[in-house]
Amino acid sequence: MATDFKSIPIIDISALLAKCDDPKMAEDPGVSDVVRQLDQACREAGFFYVKGHGIPDSLLKEVKSVAHKFFDLPYEEKIKIKMTAEAGFRGYQRVGENITKGIPDMHEAIDCYREVKEGMYGSLGKTMEGYNQWPCNPQNFKELMDVYIRLCTDLSRKIMRGISLALTGSPEEFEGGRAGDAFWVMRIIGYPVVPTADGPGPTNDIGCGAHTDYGLLTLVNQDDDITALQVRNLSGEWISAPPISGTFVCNIGDMLKIYSNGLYDSTLHRVINKSPRYRVCVAYFYETNFDTAVEPLETCIQRSGRAKKFERAVYGEHLVSKVRTNFG
Ligand SMILES: N=C(N)NCCCC[C@H](N)C(=O)O
Ligand SMILES: O=C(O)CCC(=O)C(=O)O
Ligand SMILES: [Fe+2]
């Protein structure tokens, strides 16, 4: 459960990464220290920054730089990779096309998902079947994102080993049938400058309305120098998550809330870009296996008062119902 946190902690995870695939990792004092910090951050805020994550800062910056270059292109160019239901909701969506709680968001984006081949998950996977649509311009876009996705997947798996240790004492609860074949989502998002009182432009200033993320863990790579992401604490105050160069902002999704039986919450957050500059964010979402039925872990039920607080949910069903409401 979230608390009245006033700021979001920064965790150096290098000791966890160094020992992550060592069978004795649980006994390492450096790992234990990171695990304790992850546990506290997940209980108190559901949000934390990570540093010491091993992904080069130059790559974090390049990914944002190609995103800026894409969004700078004329509309006719961007719409060449238009998001459609036929493409499994992959591709470019214009400003106002994504809906949060009935209100159009003031962002444009390219949505990408792990490829779902025809028939792969039967009727459960139908909506998400399709291939990603990559722009030809900037030219290195796809190659760069492929590398980035691979690194984010590996990093997320490792952070989840730390979170697994914190919740259960074993590092492997989110592998195998739960998230050993993790589904992923990536959104490359652009937030235009908000209109001034007298100028033309969008009808509201909410870049992305209050929402929770859907899966296990999100890695947010946001533009430096613009504070726009806000996180809601228990009393309903919006706490800013300002950019800290070289870090990711991480947060917990709905599936981890269920697995942890509410020990960790998927914290509400929103985006308001009040700066005079266009903002980009590349958000990577690490999820469970697409067809996994998620239920509270037995250890977490024991640790949280012995009552099961959530019913089982199939991740793929949750995603599909979100995608369908996001795009009308
Ligand atoms: N895959 C994830 N988590 N996407 C987050 C998008 C949040 C906005 C969306 N309209 C919503 O209401 O969920
Ligand atoms: O733009 C951001 O900083 C976060 C975006 C976000 O919350 C999302 O896409 O789920
Ligand atoms: Fe989000």
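Before reading further, recall that the structure is shown in the block above.
What you see as residue numbers is a count from 1 along each chain, following the sequence as written. Note on labels: chains are lettered from A, ligands numbered from 1, in written order. For this predicted model, a pLDDT threshold of at least 70 governs which residues receive local features, and a threshold of 80 or more governs which side-chain atom pairs are given and counted, while totals over whole chains, interfaces and linings are taken from all residues. Hydrogens and water are ignored here; the side-chain numbers use all heavy atoms of the structure.

Draft legend 1. Quick look at the overall build of the protein. Helix and strand counts for the protein come out as 10 helices and 16 strands. Radius of gyration (C-alpha) of the protein: 19 Å, near the 20 Å computed for a compact globule of 328 residues. The principal-axis extent of the C-alpha atoms belonging to the protein is close to 55 × 45 × 35 Å. Residues counted as positive are Lys and Arg, residues counted as negative are Asp and Glu, and His and the chain ends are not counted. The location of each charge is read from NZ of Lys, CZ of Arg, CG of Asp or CD of Glu. Charge separation in the protein, taken as the distance between the mean sites of 38 positive and 44 negative side-chain charges, equals 2 Å. Numbering goes from the N terminus for both helices and strands, where a helix is a DSSP run of H or I of at least four residues and a strand is a run of E of at least two. Here the globule rule is a power law, 2.2 Å times the number of residues to the power 0.38, and the radius of gyration is based on C-alpha atoms.

Draft legend 2. Seen up close, the site of ligand 2. Inspection of the region around ligand 2 gives Arg187, Ile189, Tyr191, His211, Asp213, Val220, Leu229, His269, Val271, Arg279, Cys281 and Phe285 as its neighbouring residues. Within the side chain of Asp213, one N or O atom sits 3.1 Å away from an oxygen atom of ligand 2. The fraction of the free accessible surface of ligand 2 (300 Å²) that becomes covered by protein chains is 97%. By the convention adopted, Pro, Cys, Tyr, Trp, Phe, Met, Ile, Leu, Val and Ala count as nonpolar, Lys, Arg, Asp and Glu as charged, and the other residues, Gly among them, as polar. Each residue belonging to the shell around ligand 2 can be placed in one class, and the counts come to 7 nonpolar, 2 polar and 3 charged. Whether a residue is near a molecule or strand depends on its heavy atoms: it is near if one of them lies within 4 Å of it. Pairing of N or O atoms within 3.5 Å defines a polar contact, subject to two protein rules: one partner must be a possible hydrogen donor and the other a possible acceptor, and residues neighboring in sequence count only if both atoms are side-chain atoms. Surface exposure here means Shrake-Rupley accessible area, sampled with a 1.4 Å probe, where a residue is shielded only by the protein chains that are shown.

Draft legend 3. Region of the structure containing the coordination of the iron ion (ligand 3). Only nitrogen, oxygen and sulfur atoms within 2.8 Å of the metal, or 3.2 Å for Na, K and Ca, are treated as donors, and water is left out, so sites may look incomplete. Every protein donor of the iron ion (ligand 3) is listed here as His211 (NE2), Asp213 (OD) and His269 (NE2), and their distances to the metal cover 2.1 to 2.3 Å. In primary sequence terms, the donor set of the iron ion (ligand 3) follows H-x1-D-x55-H. Note that Asp213 is positioned in the loop between β8 (208-211) and β9 (217-222) and His269 in strand β13 (residues 269-271), a separation of 56 residues in sequence. The buried category is assigned to His269, whose relative accessible area is 5%. Relative accessibility under 20% of the residue-type maximum defines a buried residue, over 50% an exposed one, and the middle range a partly exposed one, all with a 1.4 Å probe and only protein chains included.

Draft legend 4. Representation of the site of ligand 1 within the structure. The immediate surroundings of ligand 1 are formed by Asn98, Ile99, Thr100, Asp105, Arg187, Cys208, His211, Asp213, Tyr214, Phe285 and Asn326. The separation between a nitrogen atom of ligand 1 and a polar side-chain atom of Asp213 is 3.5 Å. Asn326 places a side-chain nitrogen or oxygen 2.9 Å from a nitrogen atom of ligand 1. Contact with the protein chains removes 94% of the 370 Å² of surface that ligand 1 exposes when unbound. The set of elements that each furnish at least two residues to the shell around ligand 1 consists of β4 (99-100) and β8. When grouped by side-chain class, the residues that make up the shell around ligand 1 number 4 nonpolar, 4 polar and 3 charged.

Draft legend 5. Examining the side chain of Ser266 more closely. Here Ser266 is to be found in the loop between α8 (254-259) and β13. Engagement of the side chain of Ser266 in a polar contact is seen with the side chain of Asp254, the distance being 2.8 Å. Residues count as neighbours in contact if any of their non-hydrogen atoms are within 4.5 Å of one another. Once residues lying within four places of it in the same chain are set aside, the contact partners of Ser266 are Thr212, Asp213, Ile252, Gly253, Asp254 and Lys257.

Draft legend 6. Local environment of the sheet that holds strand β10 (residues 229-232). Should DSSP find at least two bridges between two strands, the strands are taken to pair. Reading across from one edge, β8-β13-β10-β11 is the order of the 4 strands in this open sheet, with antiparallel pairing throughout. Two strands close off the open sheet at either side, each with one partner strand: β8 and β11 (238-240). The sheet shows a mean angle of 25 degrees between the axes of neighbouring strands, taken without regard to direction. Sheet analysis places β10 next to β13, joined by 3 bridges and oriented antiparallel. Paired with Val231 across the two strands is His269, which belongs to β13. In this analysis, axes come from line fits to C-alpha atoms, helices being fitted only over the stretch in contact, and the angle between any two N-to-C directions falls in the range 0 to 180 degrees.

Draft legend 7. Quick peek at the packing of helix α3 (residues 57-71) against helix α6 (residues 141-168). Relative to each other, α3 and α6 sit at 140 degrees, their axes nearing to 11 Å. The angle between the axes of α3 and α6 places the two elements in the oblique class. For the pair α3 and α6, the crossing hand works out as left-handed. Two secondary-structure elements touch here, α3 through Leu59, Leu60, Glu62, Val63, Val66 and Phe70 and α6 through Phe141, Leu144, Met145, Val147, Tyr148 and Leu151. Of the residues belonging to the contact of α3 with α6, the class tally is 11 nonpolar, no polar and 1 charged. Should an angle fall under 35 degrees it is called roughly parallel, over 145 degrees roughly antiparallel, and 65 to 115 degrees roughly perpendicular, with every other angle called oblique. Crossing chirality is assigned from the near helix's rotation relative to the far helix, an anticlockwise turn below a right angle marking it left-handed and a clockwise turn marking it right-handed.

Draft legend 8. Quick peek at the side chain of Glu129. Within the fold, Glu129 resides in the loop between α5 (122-125) and α6. When its relative accessible area of 12% is taken as the criterion, Glu129 is described as buried. At 3.0 Å, the side chain of Glu129 forms a polar contact with the side chain of Lys126. Here Glu129 is in contact with Glu86, Ala87, Gly88, Arg90, Val116, Lys117, Glu118, Gly119, Met120 and Gly122, once residues within four sequence places are set aside.

Draft legend 9. Representation of the sheet that holds β9 within the structure. Ordered in space as β1-β2-β12-β9-β14-β7-β6-β3, the 8 strands form an open sheet in which the pairing is mixed. The open sheet has two free edges, formed respectively by β1 (10-12) and β3 (91-93), since each of these has just one partner strand. Across this sheet, the average inter-strand angle for adjacent strands is 25 degrees, counted without regard to direction. Bridging between β9 and strand β12 (residues 248-252) involves 4 bridges; their strand directions are antiparallel. Directly across from Leu219, in β12, lies its bridge partner Cys250. Sitting on the sheet, helix α2 (residues 29-44) touches β1, β2 (47-51) and β12, and the angle it makes with β1 is about 160 degrees.

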